[in-house]
Amino acid sequence: GQPTTPASAKEPLTADSVVARVNGIAIRVKEVSVNRYDAKFESVRKQLTPEEFRKAQMQIFKRELPRHVEHLLLAEALRSMLDPEQQKLVSQHIDELFEQEVVRMMKHSGVDSRDELEQEAARQGTTLALLKQEFERQLMATEYLRSKTNGPLDEDARARILKDLRAQADVWTIFDDEADN
């Protein structure tokens, strides 16, 4: 189906609700809330009205969404610098690194197989595919920042780079709409 955001600011967002768009690439609720809040958050849901739950969701997004938008902006900037062959190599390298991460997550979760890890991820309201996407964006974002600085990356350099990227990008977040209500 078509990703949607509830028409009313009072309705809770669903996993597929779009909460931001960066140059046409949607960021959905399920991508933002990866591994931090879902399990605990859903248990609180029953105690709240739909409007209260939506407000609680928006508080989380106010805190978490900027990081996701930044990672996507930076990852896409790196991707745009690479030719198709380089993109393929980077993708293969990220696959290898993520497999190492899967092994680490299996140990951490006390499971013995990828299937069990996928089930554990599902219990936490996510999937390995979403975790890999977050891992890839984070890695590419870091690489892009590293490619743009000579030496250590301080907050000023990071802020400058992000400001330049934002100026060239088409970025929308759910807060742009909330302001209208």
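Residues numbered from 1 in each chain as written. Predicted model: local features only at pLDDT ≥ 70, side-chain atom pairs only at ≥ 80, totals over all residues. Heavy atoms only, no water.

Got a sec to walk through the packing of helix H4 (residues 84–109) against helix H5 (residues 114–123)? Specific residues and values, please.
Where H4 meets H5, the axes come as close as 10 Å, and the angle between the chain directions of the two elements is 75°. Between H4 and H5, the angle is such that the two are roughly perpendicular. Contacts from Phe 98, Glu 99, Val 102, Met 105, Met 106 and Ser 109 in H4 reach Arg 114, Leu 117 and Glu 120 in H5. Grouping the constituent residues of the contact of H4 with H5 by class yields five nonpolar, one polar and three charged. (Axes fitted to C-alpha atoms, helices over the stretch in contact; angles between N-to-C directions. Helix = DSSP H or I, 4+ residues; strand = E, 2+ residues; numbered from the N terminus. Parallel < 35°, antiparallel > 145°, perpendicular 65-115°, else oblique. Contact = heavy atoms within 4.5 Å. Nonpolar A, V, L, I, M, F, W, Y, C, P; charged D, E, K, R; others polar.)

Before we move on, can you summarise the packing of helix H3 (residues 50–81) against helix H6 (residues 128–148) with the specific residues and values?
Viewed as axis vectors pointing N to C, H3 and H6 meet at an angle of 65°, and their least axial separation amounts to 7 Å. Of the two possible hands of crossing, H3 and H6 adopt the one that is left-handed. Side by side, H3 and H6 meet where Arg 67, His 68, His 71, Leu 72, Leu 74, Ala 75, Ala 77, Leu 78, Arg 79 and Met 81 of the first sit next to Glu 134, Glu 136, Arg 137, Gln 138, Met 140, Ala 141, Glu 143, Tyr 144, Leu 145, Ser 147 and Lys 148 of the second. Looking at the contact of H3 with H6, its residues break down into 10 nonpolar, four polar and seven charged. (Left-handed = near helix turned anticlockwise from the far one by under 90°.)

So, the side chain of Glu 120: which residues are in play, and what are the values?
Note that Glu 120 resides in helix H5. In this structure Glu 120 comes out as buried when scored by relative accessible area, which is 19%. At a separation of 2.8 Å, a polar atom in the side chain of Glu 120 contacts the side chain of Arg 123. (Buried < 20%, exposed > 50% of the residue type's maximum accessible area, 1.4 Å probe, protein only. Polar contact = N/O pair within 3.5 Å; in protein donor to acceptor, adjacent residues only side chain to side chain.)

Account for the pairing of strand S1 (residues 18–22), with residues named and values stated.
S1 sits mainly inside the fold: four of its five residues count as buried. Examined bridge by bridge, S1 and strand S2 (residues 25–28) share four bridges and lie antiparallel to one another. Opposite Val 18, over in S2, you have Arg 28 as the bridge partner. Connecting the antiparallel pair S1 and S2 is a turn made up of two residues, with Asn 23 showing a positive phi of about 50°. Bridging between S1 and strand S3 (residues 171–173) involves three bridges; their strand directions are antiparallel. Its bridge partner being in S3, Ala 20 is matched across the sheet by Thr 173. (Pairing = 2+ DSSP bridges.)

Summarise the sheet that holds S3; cite the residues concerned and give the values.
Spatially, the three strands line up as an open sheet ordered S2-S1-S3, and their pairing is antiparallel. Lying at the two open borders of the sheet, with one neighbouring strand each, are S2 and S3. Along the sheet, successive strands turn relative to each other by an average axial angle of 20°, direction set aside. Sitting on the sheet, H3 touches S1, S2 and S3, and the angle it makes with S1 is about 30°.

A description of the pattern of salt bridges should follow, citing residues and the corresponding values.
All told, the structure shown has 12 salt bridges when counted by the stated rule. In this structure, Glu 99 engages Arg 114 in a salt bridge whose closest nitrogen and oxygen atoms are separated by 2.7 Å. A residue pair is termed long-range when its members are at least 10 positions apart, and Glu 99 in helix H4 and Arg 114 in helix H5 qualify at 15 residues. Classification of Glu 99 by relative accessible area gives partly exposed; the value is 38%. One continuous salt-bridge network, built from bridges that share partners, spans Glu 64, Arg 67 and Glu 134. (Salt bridge = Lys/Arg side-chain N within 4 Å of Asp/Glu carboxyl O.)

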